[in-house]
Amino acid sequence: MNKNSGQRLFKIEGINQSILIGDANTQTYDGVEKALEFLNRQTRNEGNIIVLSGEIQSPSSESYKRISGLLKKYKPIKIIGIGDIKNAAEHFSSHDAEFYASAEAFTKSIADIDFSRKNILVKVDQSLGFQAIIERFEEKAHETELEIDLAKVSFNLKAIREMLKPTTEIMVMVKAFAYGNGSYDISRLLQDEGVEYLAVAYADAGFELRNNGITIPIMVLNPEIRSYRAMIRYNLEPQIFSFRTLKAFLESVNESGATHPYPIHIKINTGMNRLGFNRDEITELGEFLSASPQLEVRAAFTHLAASNDPAMDEMTHKQIAEFEAASTELKNILKKDFKRHVLNSGGIFRYPEAQFEMVRLGLSLYGAAPADEFKAKLKPVSRLTTRITQIRHVKPGETVGYNPKRIFDREAKIAVLAIGYADGLPRSLGHGAGTVWVHNKLAPFVGSICMDMCMVDVSEIDCAEGDEVEIFGDNQDIYAFAKQMQTIPYEVMTNISHRVKRVYLSA
Ligand SMILES: *Cc1c(COP(=O)(O)O)cnc(C)c1O
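Residues numbered from 1 in each chain as written. Predicted model: local features only at pLDDT ≥ 70, side-chain atom pairs only at ≥ 80, totals over all residues. Heavy atoms only, no water.

**Quick word on the pattern of salt bridges**
Next, step 1: Tallied over the entire structure, the rule returns 33 salt bridges.
Next, step 2: Arg8 is the partner of Asp149 in a salt bridge, and the nearest nitrogen-oxygen pair spans 3.0 Å. On the criterion of sequence distance, the pair formed by Asp149 in strand β7 (residues 145-149) and Arg8 in the segment before β1 (10-13) is long-range, its members being 141 residues apart.
Next, step 3: As a salt-bridge pair, Lys501 and Glu138 come within 2.5 Å of each other at their nearest N and O atoms. (Salt bridge = Lys/Arg side-chain N within 4 Å of Asp/Glu carboxyl O. Helix = DSSP H or I, 4+ residues; strand = E, 2+ residues; numbered from the N terminus.)

Structure representation (structure tokens):
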């Protein structure tokens, strides 16, 4: 766990498909309540287990009684008390409660308790063995972590809402595992924050969200025809971009026996030339839809090809005008109103006049924006860190790693890090092309990036085995890192592999 964990309420994946929530803050009634709230948002498991220590501020019989009452609301299937809390056991008699003198005594008997698919809250004081309990439950002991600060996600959402007209709705694109940040955790936050729509790339991502308690409307950007029936069962709304997909979806709706018009989203191509109906197909589209009352056009939209680029403003203005004309024609034929949207993150900042009734937010939710003046309004939400596994000293004449290109002509101190290309650290950064941040200095990669490890030159840096290293975050920002990779922050985020542990700091 890195430096923030424990000081903030956090969530990670636990063993046996459990969800682990940790909090080593001083135990106050409000703190326990906040932790329970966060626990309660993890809807996908089969019951709550609460591990609690007795360090409630100025412990009194009365405070335990209040805590016990609070716990009832969350219906834990088990309470595990660590330390002095056992003196207040009488207050927990209506729960299934077990008490242990210490974290050590508890971790020794963990094997006897069924934690599988449970939500586990560990609210134990640092001095009573918080860390030992967390380590016992953690699934990914791998030391590379992507820390995602949900409070900053909320901050960015609010900052963006304030830039929009009060009536403009927001659809958040949670495709690609919410840009690598975690579909469920991000979607749950957005649902709680009152976002109007979510969008996923493929239907299966939508099924997963529905199975985990996400109930707000979800659009599917690129639904495959064979997934249409399941989509209707899961109440997912397709983007319709061609007559082929329109006719196939209508057929699936007819077969489903749906009694209400099914919502669909019409994609109009205005210059991106990816998916969408062209302007000259709108008349025929309108006529087809008019004759298909089983379908209801919920929205029509288009996608800008270069919303972040001032040099392309002329093209963008043309796209917006073309969309306005095409969507108006469609409305006139249907004689019905629907929502319209055009803007992605770049567009939200650069073309506020084109927000229509909705915008489609992606990247900027995570704190990235197309220009420095916009970045200043947002907070980057994530940090990718790892640790030094070993430090070694190489002598002149030696080399480092696979197929070395460089023979050292001096002594060097090399740190081996627990991250490699299988984690999403591209091989192209090897041989000095990229850097990491170690104790306030940049350290260049040495030799090739390996599958699970890499090496950096720390000759000039005072550091030790076990120390934290930042790949990107507060010190080396994601733009600087993306530049080294010769790519954009989108690719950096979505490249971080699933095996990297996600640590969520609570809002
Ligand atoms: C991904 C996507 C967006 C979001 O773009 P950002 O630049 O990340 O805000 C919007 N619209 C469509 C169609 C997309 O595919």
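**Remarks on helix α2 (residues 61-73)**
Next, step 1: With 13 residues, α2 should reach 18 Å at 1.5 Å per residue; the first-to-last C-alpha distance of 19 Å fits that figure.
Next, step 2: Lys75, located one to two residues past α2, shows a positive phi value of around 40°. (Expected span 1.5 Å × (residues − 1).)

**Overview of helix α12 (residues 313-334)**
Next, step 1: Look at α12: 31 Å from first C-alpha to last across 22 residues, which is about the 32 Å you get at 1.5 Å a residue.
Next, step 2: For α12, the set of buried residues is Thr316, Gln319, Ile320, Phe323, Ala326, Ser327, Leu330, Lys331 and Leu334. For α12, the arc enclosing every buried residue in end-on projection is 140°, short of the 170-degree limit, so these residues lie on one face. Exposed residues pointing more than 90 degrees away from the buried face of α12 are listed as Glu314, Lys318 and Asn332.
Next, step 3: Two residues or fewer after α12 comes Lys335, characterised by a positive phi angle close to 55°. (Buried < 20%, exposed > 50% of the residue type's maximum accessible area, 1.4 Å probe, protein only. Arc of directions from axis to C-beta.)

**Comments concerning the domain arrangement of the chain**
Next, step 1: Domains assigned within the chain are domain 1 (5-139), domain 2 (149-377) and domain 3 (382-505).
Next, step 2: Taking only C-alpha atoms into account, the centre of domain 1 sits 41 Å from that of domain 2.
Next, step 3: Taken together, the contact between domain 1 and domain 2 spans seven residues of the former and nine residues of the latter.
Next, step 4: Together domain 1 and domain 2 conceal approximately 660 Å² of surface at their shared face, both sides included; 40% is due to carbon and sulfur atoms. (Domains from an automatic or database assignment. Contact = heavy atoms within 4.5 Å. Buried area = accessible area lost by both parts, 1.4 Å probe.)

**A closer look at the packing of helix α10 (residues 243-256) against helix α11 (residues 282-290)**
The axes of two packed helices give the description: the angle between them and the distance between them.
Next, step 1: Interhelical geometry of α10 versus α11 gives an angle of 5° and a closest axis separation of 12 Å. For the element pair α10 / α11, the angle class is roughly parallel. Across the interface between the two elements, Phe243, Leu246, Lys247 and Leu250 from α10 touch Glu284, Leu285, Phe288 and Leu289 from α11.
Next, step 2: Here the contact of α10 with α11 is composed, by residue class, of six nonpolar, no polar and two charged. (Axes fitted to C-alpha atoms, helices over the stretch in contact; angles between N-to-C directions. Parallel < 35°, antiparallel > 145°, perpendicular 65-115°, else oblique. Nonpolar A, V, L, I, M, F, W, Y, C, P; charged D, E, K, R; others polar.)

**Some thoughts on the site of the ligand**
Next, step 1: In the region of the ligand, the neighbouring residues are Met173, Lys175, Tyr179, Arg274, His303, Asn344, Ser345, Arg360, Leu361, Gly362, Leu363 and Tyr490.
Next, step 2: Here an oxygen atom of the ligand and a side-chain polar atom of Lys175 are 2.6 Å apart.
Next, step 3: For the ligand, whose unbound accessible area comes to 380 Å², protein coverage reaches 94%.
Next, step 4: Put simply, the parts of the chain that give the shell around the ligand at least two residues each are α6 (175-179) and β15 (358-361).
Next, step 5: Class assignment for the residues of the shell around the ligand results in five nonpolar, four polar and three charged. (Near = heavy atom within 4 Å. Polar contact = N/O pair within 3.5 Å; in protein donor to acceptor, adjacent residues only side chain to side chain. Areas by Shrake-Rupley, 256 points an atom, 1.4 Å probe, with all protein chains shown as cover.)

**A short note on the state of the cysteines**
Next, step 1: Counting across every chain of the model gives zero disulfides.
Next, step 2: With no disulfide of its own, Cys450 has Cys454 as its nearest cysteine by sulfur position, at a separation of 7.7 Å.
Next, step 3: Given a relative accessible area of 13%, Cys450 falls into the buried group.
Next, step 4: Cys454 provides the cysteine sulfur closest to Cys463, a residue in no disulfide bond, and the two sulfurs are 13 Å apart.
Next, step 5: On the accessibility criterion, Cys463 (11% relative accessible area) is buried. (Disulfide = S-S within 2.5 Å.)

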